[in-house]
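Commentary on secondary and tertiary structure
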Amino acid sequence: MKKKLAKFLASDKRPEGTMTLAEVYGFLFAVCTSPEPVKLEEWLEVVFNGEDPNYKSLEKRQKIELSLMEVFGEVSEQVKQMAPQLPEWFEVFESPEDNFSDESDLALWCDGFFDGYDWLEDVWDSSVDSDLEQALYELLTTLFCFSHREDAQAFCKRVNVT
């Protein structure tokens with residue numbers, strides 16, 4: 001795991017709304033699967049909620065941005081190989097319900113993915129043809145369940161799934 005990057009992102013010195021490392025992975029999956037390329041400068045800004053990340057020095061900035069680019073490269077390569085995977089350090093719980101916790105790696109990954117999808121929604125809307133629209137809806141619905149526990153419970157109740 002990229003411990004230094006995770007620690008940097010989680011620091012109280014970062015702007016409110018800065019993504020966790022798990023969220024960054026989900027967010028970059030959305031960026032890497034976008035129908036149109038996204039510039040580094042654009043997505044870096046979103047990771048820090050559009051605010052200054054408060055780097056201590058130019059050297060620290062370079063190290064952190066290099067680490068983020070490495071995550072991007074890792075996710076991008078998986079997408080190109082059509083073999084996406086959750087990071088090996090992710091903790092996925094045996095009991096599915098435990099993965100719905102707001103702080104679970106899977107829920108945070110889904111939150112990051114939705115941040116990316118929402119940010120690029122206009123690109124997706126203009127690029128997805130009607131043949132793929134239903135498949136995308138089903139994918140988003142599944143991920144949404146992990147990202148929003150209460151809404152997932154309400155949805156399950158509505159369709160009689162316990």
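Up top is the structure.
Residues numbered from 1 in each chain as written. Predicted model: local features only at pLDDT ≥ 70, side-chain atom pairs only at ≥ 80, totals over all residues. Heavy atoms only, no water.

1. Details of a negative patch on the surface
Residues D115, D118, E121, D122 and D125 make up a contiguous surface patch of negative charge. When contributions to the negative patch are tallied by element, the ones reaching two or more residues are α5 (105–119) and α6 (121–127). At three residues, the largest contribution of residues to the negative patch is made by α6. Looking at the secondary structure, you find D118 in helix α5. When its relative accessible area of 48% is taken as the criterion, D118 is described as partly exposed. (Patch = residues over 30% accessible without salt bridge, like charges linked within 9 Å, V, L, I, M, F, W, Y side chains within 5 Å. Areas by Shrake-Rupley, 256 points an atom, 1.4 Å probe, with all protein chains shown as cover. Salt bridge = Lys/Arg side-chain N within 4 Å of Asp/Glu carboxyl O. Lys, Arg positive; Asp, Glu negative; His and termini not counted. Charge placed at Lys NZ, Arg CZ, Asp CG, Glu CD. Helix = DSSP H or I, 4+ residues; strand = E, 2+ residues; numbered from the N terminus. Buried < 20%, exposed > 50% of the residue type's maximum accessible area, 1.4 Å probe, protein only.)

2. Some points on the environment of F48
Note on placement: F48 falls in the loop between α3 (40–47) and α4 (58–80). For the pair F48 and M19, spaced 29 residues apart in the sequence, the C-alpha separation amounts to 6.5 Å. When near neighbours in sequence (up to four residues on either side) are disregarded, F48 contacts F8, L9, R14, P15, T18, P53, Y55, I64 and L68. (Contact = heavy atoms within 4.5 Å.)

3. Quick word on the packing of α3 against α4
At a minimum axis distance of 12 Å, the contact between α3 and α4 shows a crossing angle of 105 degrees. Between α3 and α4, the interaxial angle falls into the category roughly perpendicular. Packed against α3, whose contacting residues are L40, W43 and L44, the element α4 presents E65, L68, M69 and F72 at the interface. Of the residues contributing to the contact of α3 with α4, the split by class is six nonpolar, no polar and one charged. (Axes fitted to C-alpha atoms, helices over the stretch in contact; angles between N-to-C directions. Parallel < 35°, antiparallel > 145°, perpendicular 65-115°, else oblique. Nonpolar A, V, L, I, M, F, W, Y, C, P; charged D, E, K, R; others polar.)

4. Considering the packing of aromatic side chains
The final tally for this structure, using the stated rule, is 13 aromatic pairs. Ring centres of Y25 and W89 lie 5.8 Å apart, and the angle between their planes is 70 degrees; this geometry places the pair in the edge-to-face category. Separated by 64 residues along the polypeptide, Y25 in helix α2 (residues 21–32) and W89 in the loop between α4 and α5 bring together distant segments of the chain. By relative accessible area, which is 4% here, Y25 ends up buried. Between F113 and Y117, the aromatic rings sit 6.5 Å apart at their centres with planes inclined by 15 degrees, giving stacked as the arrangement. Here F113 and its partner Y117 are both found in helix α5, four residues apart, which amounts to about one turn of the helix. The buried category is assigned to F113, whose relative accessible area is 3%. Classification of Y117 as buried rests on a relative accessible area of 9%. The structure contains a cluster of three or more aromatic residues connected by ring pairs, namely F29, W109, F113, F114, Y117 and W124. (Phe/Tyr/Trp six-rings, centres within 6.5 Å; stacked < 30°, edge-to-face > 60°.)

5. Section: the environment of E91
Looking at where E91 falls in the secondary structure, it is placed in the loop between α4 and α5. Along the backbone, E91 and L106 are 15 residues apart, and their C-alpha atoms lie at a distance of 7.8 Å. Excluding anything up to four places from it in sequence, E91 contacts N99 and D105.

6. A few points about the pattern of salt bridges
One pass over the structure, following the stated rule, counts three salt bridges. In this structure, the salt-bridge partner of K2 is E70, at a minimum N-O distance of 3.6 Å. In this pair, K2 is assigned in the segment before α1 (3–10) and E70 in helix α4, connecting sequence segments 68 residues apart. Judged by relative accessible area, K2 falls into the partly exposed class, the value being 23%. Residue R61 is joined to E65 by a salt bridge in which the shortest nitrogen-to-oxygen separation is 3.0 Å. Separated by four residues within a single helix, R61 and E65 lie in helix α4, roughly one turn from each other. R61 gets classed as partly exposed once you look at its relative accessible area, which sits at 41%. The buried category is assigned to E65, whose relative accessible area is 17%.

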